[in-house]
Amino acid sequence: MPKIKTKRGAAKRFSTTKKGKVKRKKQSLRHILTSKTTKQKRRLRKGALVAKVDEKQIKKLIPYA
């Protein structure tokens, strides 16, 4: 059976933790930052976990991550 190709776009956006959960970066930190407070921007820097319902789909896209 051949190897499964990794979707490169998904590999750049998601990574897995040691326990198998999927990590992601938070949105809204690219532009229009002047209207956001410092507190907001600081919170957006931290990563987040992908919702349980979407995890299965994303794991198919990044089989070896």
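Our subject is the structure that appears above.
Bear in mind that the values here come from a model prediction, so they are computed numbers and not experimental data.

**Comments concerning the side chain of Glu 55**
Assignment of secondary structure puts Glu 55 in helix H3 (residues 52-61). In this view, Glu 55 contacts Gly 20, Lys 21, Val 22 and Val 50; residues no more than four positions away in its chain are not counted.

**Remarks on a positive patch on the surface**
A grouping of Arg 24, Lys 26, Lys 39, Arg 42, Arg 43, Arg 45 and Lys 46 is seen on the molecular surface, where their side chains present a positively charged patch. Sorting elements by how many residues they give to the positive patch places helix H2 (residues 38-45) first, with four residues. On the secondary structure map, Arg 24 appears in strand S2 (residues 22-24). The class for Arg 24 is partly exposed, based on a relative accessible area of 34%.

**Describing unusual backbone geometry**
The phi dihedral of Ser 28 is positive, around 70 degrees, even though this residue is not glycine. Take Ser 28: it is sitting in the loop between S2 and H2. Look at Ser 28 and you get partly exposed, because its relative accessible area is 36%. The phi angle at Ile 32 is positive, at roughly 55 degrees, despite the residue not being glycine. By the secondary structure assignment, Ile 32 is in the loop between S2 and H2. On the basis of relative accessible area, Ile 32 is assigned to the exposed category, the value being 56%.

Here is what the cut-offs are and how they apply
- Residues numbered from 1 in each chain as written.
- Predicted model: local features only at pLDDT ≥ 70, side-chain atom pairs only at ≥ 80, totals over all residues.
- Heavy atoms only, no water.
- Helix = DSSP H or I, 4+ residues; strand = E, 2+ residues; numbered from the N terminus.
- Contact = heavy atoms within 4.5 Å.
- Patch = residues over 30% accessible without salt bridge, like charges linked within 9 Å, V, L, I, M, F, W, Y side chains within 5 Å.
- Areas by Shrake-Rupley, 256 points an atom, 1.4 Å probe, with all protein chains shown as cover.
- Salt bridge = Lys/Arg side-chain N within 4 Å of Asp/Glu carboxyl O.
- Lys, Arg positive; Asp, Glu negative; His and termini not counted.
- Charge placed at Lys NZ, Arg CZ, Asp CG, Glu CD.
- Buried < 20%, exposed > 50% of the residue type's maximum accessible area, 1.4 Å probe, protein only.

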